[in-house]
Amino acid sequence: MAETVLSMARSMLGSAVSKAAAAAAQEMSLLMGVQNEIWFMKDELETMQAFLVAPEVTKKKDKLVKVWAKQVRDLSYDIEDCLDEFTVHVGSQSLSQQMMKLKDRHRIAVQIRNLKARVEEVSKRNTRYHLIKTEASNTTMDETESYLEDIRNHSASNIDEAQLVGFDEPKKKLLEMIQEVRADDGHARVISVVGMGGLGKTTLARKIYESKEDIAKNFTCRAWITVSQSFLKIDLLKDMIKQLLGDKSLERCLKQLEGKGLHVNDLASYLTQGLKDKMYFVILDDLWTIEAWNWINKFASLSNKSKGSRIIVTTRDAAIAKACSSNDSLVYHLQPLEIGDAKELLLRKAQKDTKATMSEGLMTTVEQLATKCGCLPLAILTVGGILASKKIEEWEKFNKQLSSEVENNPDLEPVRRIVTLSYNHLPSHLKPCFLYLSIFPEDFEIKRRRLVDRWIAEGLVTARGRVTVEEVGESYFQQLISRSMILPARVNFEGVVKSCRVHDIVRDTIISISREENFVYLTEDNVAGVVVGEKFRHVAYHDKSCTNVGVDWSCVRSLTSFGERPMKPAPSLCSPELRMLRTLDLKDAQFKIAQKDIDNIGLLRHLKYVNAQYDGPRFSHSNIYALPRSIGKLQSLQFLDLSGSCISALPTEVTKLQSLRSLRCTKHIEFCDFDPRRPLRCMENVLRLAPIMFTPLVDSEVRNEMIAEAHLVFSMPFSYLEVPGVRVPRGIGNLKVLQILEVVDLKGTSTKAIEELGELSQLRKLSVTTRGAAKGKCTAFCKALVKLVSLRSVHVDSSHNIVGGGTLQWLGSPLSPPPLLRSLKLIGKLQVTPAWFGSLTLLVKIYLRESYLKDLQILGALPQLMLLQLIGNAYTGEKLTFRTGAFPSLRKLVSQGYKFTEMRFEEDASPHMESIDIGKSWLKSGIIGIKHLPSLKEISLGYNGKVAGLNMLQAEVNQHPNKPVLRLLRDQSYHDLGDVIRSGVEVEATEPQPDDAEESSQVITTADNSEIQTVPS
């Protein structure tokens, strides 16, 4: 994998150069006498960077260049670490503090001089071993990376067998798309086939191309052009002329240009003239860049030629497909095989009769293998070919070892090359972001927000101009989706991808690359081959096994746990051994975080991301009860999440965290051992507490849990314990770059601190609890809210877990709401819709609970509202009627827990409504008028959702032109049936869904438990 080593070295050099430039510019570097050394390193690193991107180097694949590139990569890491130390311990301090830190200054100065010597040696080594000859090269930018192996030819004969299984329907659909656009009398049209590598895009296009009855008779000429990652423009044009105009035509063209020199423009003009008035069919296979398409389209001018001509483009990148085709209807997203087809294909390739008697265990193994292959035809055929050479008794063992087989088995090289080819084509800034995904377990759903925040904390994403670092990070995420490197897992109602998964085969390959690059170490590896002093930058615990003793912990930048508490010799979570740690992510740890785990957090001065969120069982919590005052030393900290802890108040030191961008902290409110509402049990446990604290035989986790809960209960009045918010200190207004703040308890927070919330000019998301808060504090909050012009999301909760309790009527006073507000969540009594709701022209979603509104007219006029959630007693009218012209953009309605008896839709009401979700309601008069909802896709009657006149509703569903689905959680007999038409009704086999449907999804099944589809909200 020489190419991957070179590409990673190039990526790391860019980051090291930037940090060197920043450090050299600081005055303290001059005072320490190391400024010249830093400038020297910066210049040398830039030279190395230029060397590694030179075409002559990228062509070389010998081991010597690979070894040198590894040395450059490791050197870049060490320089980054040293300059980070300089910034944290010296550069960021005041002048007086800098003068006091003589020991740190001396240590870092020595490191910088030693690194300079290493830089000089690595540079000399390049010259000493003649890694590259400096002779002139005729290579042009058009021809760079033309050395890359085109594995398409290597694997084409293998994947072509997929025509036997699962390709009839895609072929039919693609032919329909070709036929549909033929009726258009405009210019030639471009149809794009997009999907990840190995799906069979080329096979599908080839089946179309060779379909003589459908293609050959309808077009004057045709051509198959493989574009690939790199191509020579002259060769491509000559190939097009030869295939479209004939061999003799190419000979005439070359003869005409003889003596003039062969130029791209001349060939393009000849092709343009030759295609005039011809109806042609062209396949452009394996298109990798928009620039390549722009050139082909400009010089070959294909899409401006004769009417009725057709072009099919195959690509892995959805952005390229969109650029090629004039609209989305001309883009065909090729999907993996259905699991049944995948198993059949695997068995055929393994030369086993699919009708033969096979044990249930063996069929499970076959299904697991097909699933691990992601139902990709190329991967399935490759694995099937290996199984053909094995005894059936060996299949289960092969299945268990597939991850290591992907890395080591030569027969799986085509599968590896699918991933490495795409990886090598990634821009340098995306490569480490992509490898970073190897941290997460197999089949793990990775939240976009979590991933982007971690990228930012690791320095893998930087702001550009006026584009924020968050926007850049999200664009990186979308690029990986678009390039088919990661798979969307959950998409919200706006079409935004909220989470992703990594294909198993892809994950196995990037784990291999990450291990080779010393990038990520997984405890599931637990390989004996790790030598002492091995410098892995990221460590992830996937089980309870002990981490290999060879890891150099002083270089580890991120620590992530998905398993049990790590055992020795692994260091404790906030050990000084982890001095370069930037990211500590314990959200999915299978153990409870104790107070002692974070007591020394102030020692980890480089920390930028801390996620100790706990979202376990209802009556459980993390065992953190106080944020150490040393937290104030973490001047680089950007993301802090302590949700689900026993913390009731944040210390004043939090206000020193000038880099903090996201602060999430909620306290646990469901008590087990010290519930004040059960005084006798509470007193019993108080008497037990002292012996438990000093008895070593008691399980440490039980002890930690009782101490944490006791600390929370006895640290504040009971009334403060009933809400999940925490008290924030005065000085909170100092956090000028803070964008997310959750959850503030207004009752416990001082009026001064509440007023300071208005100084958080970059705040985008704010969540507060107001139960029991004095009127003056609520007024102060309103005044602060008006100043938060960047706010996108507001959540105000006045009645947590109290039905009908709490008031938000103070929000009814005249108010100028944040102009960019997109999400509003209010829990508490309003009774009258505030007039300022009408000015929320950008509002996309609103959640109302226990609001007791009698009229939704103001909400119905909001132009951008897509999601309306009415929970509990949010609306108290007897009938919920959607009037003509109301809710013009609404896509989803969630209605749970009302007293109204009828839901009615008038003509031209909610034309974009797609989903209606009803629960905890008894609609005695039914749902009327769904025929007026042209976009309707589903009606769901969920937990305690009951409707009368089901026969009428079902009839309307069956007659609806959009063919929506009616879904019932309870059996049909639960409803008022009448004369029921049973077709078209599906019964859900799911648990009741949460009130907040925005993030929920459900699997819908028929009565016989066969799966229909998964519907993300």
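Residues numbered from 1 in each chain as written. Predicted model: local features only at pLDDT ≥ 70, side-chain atom pairs only at ≥ 80, totals over all residues. Heavy atoms only, no water.

1. Remarks on the overall build of the protein chain
Consideration 1: Scanning the protein chain from terminus to terminus reveals 32 helices and 33 strands.
Consideration 2: In the protein chain, which comprises 1017 residues, the proportion classed as buried is 55%.
Consideration 3: Across the protein chain, every contact between residues at least 6 apart in sequence was considered, and the portion connecting residues at least 24 apart equals 64%.
Consideration 4: Carbon and sulfur atoms make up 50% of the accessible area of the protein chain, which totals about 43,300 Å². (Helix = DSSP H or I, 4+ residues; strand = E, 2+ residues; numbered from the N terminus. Buried < 20%, exposed > 50% of the residue type's maximum accessible area, 1.4 Å probe, protein only. Contact = heavy atoms within 4.5 Å. Areas by Shrake-Rupley, 256 points an atom, 1.4 Å probe, with all protein chains shown as cover.)

2. Structural notes on the sheet that holds strand β8 (residues 497–501)
In a beta sheet, neighbouring strands pair by backbone hydrogen bonds and run either parallel or antiparallel.
Consideration 1: In space, the three strands of this open sheet follow the order β6-β8-β7, with antiparallel pairing throughout. Since the sheet does not close on itself, it has two edges, and those belong to β6 (446–447) and β7 (487–491), each with one partner.
Consideration 2: Sheet topology places β7 next to β8; four bridges connect them, and they run antiparallel. Each residue of the ladder has a partner; that of Arg490, found in β8, is Ser499.
Consideration 3: Lying on the sheet, helix α24 (residues 469–482) is in contact with β7 and β8; it crosses β8 at an angle near 55 degrees. (Pairing = 2+ DSSP bridges. Axes fitted to C-alpha atoms, helices over the stretch in contact; angles between N-to-C directions.)

3. Some details on the packing of aromatic side chains
Consideration 1: The full count for this structure, using the stated rule, is 14 aromatic pairs.
Consideration 2: Connected via pairs of aromatic rings, a cluster forms that spans Tyr209, Phe219, Trp224 and Phe281.
Consideration 3: Directly above the ring of Tyr423 sits Lys431, whose terminal nitrogen or CZ lies 5.8 Å from the centroid.
Consideration 4: One cation-aromatic arrangement involves Lys825 over Tyr847; the distance from NZ or CZ to the ring centre is 4.5 Å. (Phe/Tyr/Trp six-rings, centres within 6.5 Å; stacked < 30°, edge-to-face > 60°. Lys NZ or Arg CZ within 6 Å of the ring centre and 35° of its normal.)

4. Focus: the side chain of Asp597
Consideration 1: Following the sequence through the fold, Asp597 ends up in helix α26 (residues 595–598).
Consideration 2: Polar contacts involving the side chain of Asp597 include one to the side chain of Arg565, which spans 3.1 Å.
Consideration 3: Apart from the residues within four sequence positions on either side, Asp597 is in contact with Arg565, Leu573, Cys574 and Lys592. (Polar contact = N/O pair within 3.5 Å; in protein donor to acceptor, adjacent residues only side chain to side chain.)

5. With respect to the sheet that holds strand β4 (residues 310–315)
Consideration 1: Here we have five strands laid out as an open sheet, ordered β2-β3-β4-β1-β5, and parallel in their pairing. Of all strands in the sheet, those with a lone pairing partner are β2 (221–228) and β5 (331–333), marking the two edges. Here the strands of the sheet are splayed against their neighbours by 15 degrees on average, with no regard to which way each runs.
Consideration 2: Of the pairings in the sheet, the one linking strand β3 (residues 280–287) to β4 comprises five bridges and is parallel in character. Bridge assignment links Ile283 to a residue of β4, and that residue is Ile312.
Consideration 3: This element, helix α10 (residues 201–209), spans β1 (189–194), β2, β3, β4 and β5 of the sheet and lies at about 170 degrees to β2.

6. With respect to the packing of helix α21 (residues 413–425) against helix α25 (residues 504–516)
Consideration 1: Where α21 meets α25, the closest approach of the two axes is 9 Å, and the angle between their N-to-C directions is 70 degrees. With respect to α25, the element α21 is oriented roughly perpendicular. Between α21 and α25 lies a crossing of right-handed hand. Seen from α21, the contacting residues are Val415, Arg416, Val419, Thr420 and Tyr423; seen from α25, they are Ile505, Val506, Thr509, Ile510 and Ile513.
Consideration 2: Residue composition of the contact of α21 with α25, grouped by class: seven nonpolar, two polar and one charged. (Parallel < 35°, antiparallel > 145°, perpendicular 65-115°, else oblique. Left-handed = near helix turned anticlockwise from the far one by under 90°. Nonpolar A, V, L, I, M, F, W, Y, C, P; charged D, E, K, R; others polar.)

7. Things to note about the pairing of strand β22 (residues 879–882)
Consideration 1: Burial along β22 is one-sided: Leu880 and Phe882 are buried, and none of Lys879 and Thr881, which face the opposite way, are.
Consideration 2: Where β22 lies against strand β24 (residues 902–905), four bridges are found, and the strand directions are parallel. From the neighbouring strand, Leu880 faces β24, where its bridge partner is Met903.

8. Description of the pattern of salt bridges
Consideration 1: Inspection of the entire model under this criterion finds 26 salt bridges.
Consideration 2: One salt bridge in this structure joins Arg206 and Glu210, with 4.0 Å as the shortest N-O distance.
Consideration 3: The partner of Lys736 in a salt bridge is Glu759, with the nearest N and O atoms 3.6 Å apart. Within this pair, whereas Lys736 is found in the loop between α28 (700–713) and β16 (740–745), its partner Glu759 is found in the loop between α29 (751–756) and β17 (765–769), the two being separated by 23 residues in sequence.
Consideration 4: The partly exposed category is assigned to Glu759, whose relative accessible area is 38%.
Consideration 5: Through salt bridges with shared partners, a single ionic network connects Asp78, Asp81, Lys535, Arg537 and Arg557. (Salt bridge = Lys/Arg side-chain N within 4 Å of Asp/Glu carboxyl O.)

9. Overview of helix α11 (residues 233–245)
Consideration 1: With 13 residues, α11 extends 18 Å from end C-alpha to end C-alpha; this agrees with the ideal 18 Å at 1.5 Å per step.
Consideration 2: Of the residues trailing α11, Gly246 is marked for its positive phi of about 105 degrees. (Expected span 1.5 Å × (residues − 1).)

10. Considerations on the packing of helix α16 (residues 339–349) against helix α18 (residues 377–387)
Consideration 1: The N-to-C vectors of α16 and α18 enclose an angle of 35 degrees; their axes lie 7 Å apart at closest approach. Between α16 and α18 the crossing geometry is right-handed. Taken together, the residues of α18 that come into contact with α16 (itself represented by Ala342, Leu345, Leu346 and Lys349) are Pro377, Ile380, Leu381, Val383, Gly384, Gly385 and Leu387.
Consideration 2: Of the residues belonging to the contact of α16 with α18, the class tally is eight nonpolar, two polar and one charged.

11. A short note on a nonpolar patch on the surface
Consideration 1: Together, Met683, Val686, Leu687 and Phe714 make up a nonpolar patch on the protein surface, roughly 420 Å² of accessible area in all.
Consideration 2: Mapped onto the fold, Leu687 is located in helix α27 (residues 679–693).
Consideration 3: The class of Leu687 is exposed, set by a relative accessible area of 63%. (Patch = residues over 30% accessible without salt bridge, like charges linked within 9 Å, V, L, I, M, F, W, Y side chains within 5 Å.)

12. Some points on the nonpolar core
Consideration 1: Counting 114 residues, the largest nonpolar core has Phe781, Leu824, Phe882, Ile916 and Ile927 as the members making the most contacts within it.
Consideration 2: Broken down by element, the residue count for this core peaks at six residues, all from helix α30 (residues 775–787).
Consideration 3: When near neighbours in sequence (up to four residues on either side) are disregarded, Phe781 contacts Leu746, Ile754, Leu757, Leu766, Val768, Val796 and Trp810.
Consideration 4: In terms of nonpolar packing, the next biggest core, distinct from the first, is built from 93 residues, Ile191, Leu204, Leu330 and Ile380 among them. (Core = buried A, V, L, I, M, F, W, Y, C linked by side-chain atoms within 4.5 Å.)

13. Description of the confidence of the model for the protein chain
Consideration 1: Per-chain confidence: the protein chain averages 79 in pLDDT, with 77% of residues scoring 70 or above.
Consideration 2: Segment residues 134–163 is flagged for pLDDT under 50; beyond a separation of four residues in sequence, or across chains, it makes 54 contacts in the model. (pLDDT = per-residue confidence, 0-100.)

14. Description of the environment of Leu880
Consideration 1: Of note, Leu880 is situated in strand β22.
Consideration 2: The exposure class of Leu880 is buried, given its relative accessible area of 3%.
Consideration 3: Between the alpha carbons of Leu880 and Arg904 there is a distance of 6.3 Å; along the sequence they are 24 residues apart.
Consideration 4: Leaving out residues up to four positions away in the same chain, Leu880 has contacts with Leu856, Tyr875, Phe900, Glu902, Met903 and Arg904.

15. Some points on a negative patch on the surface
Consideration 1: A surface patch of like charges, here negative, comprises Asp168, Glu169, Glu176 and Glu180.
Consideration 2: Looking at Asp168, the relative accessible area reads 57%, which means it is exposed. (Lys, Arg positive; Asp, Glu negative; His and termini not counted. Charge placed at Lys NZ, Arg CZ, Asp CG, Glu CD.)

16. A look at helix α17 (residues 360–372)
Consideration 1: Between its first and last C-alpha, α17 extends 18 Å over 13 residues, near the 18 Å set by a 1.5 Å rise per residue.
Consideration 2: Within α17, burial applies to Leu362, Thr365, Val366, Leu369 and Ala370. For α17, the buried positions fall inside an angular range of 135 degrees around the axis, keeping them on one side.
Consideration 3: Count one or two residues on from α17 and you reach Gly374, which has phi positive near 65 degrees. (Arc of directions from axis to C-beta.)

17. Let's talk about the state of the cysteines
A covalent bond bridging the sulfur atoms of two cysteines is what the word disulfide describes.
Consideration 1: Scanning all chains against the criterion turns up zero disulfides.
Consideration 2: In this structure Cys782 is not part of a disulfide, and its nearest cysteine sulfur, from Cys778, lies 7.3 Å away. (Disulfide = S-S within 2.5 Å.)

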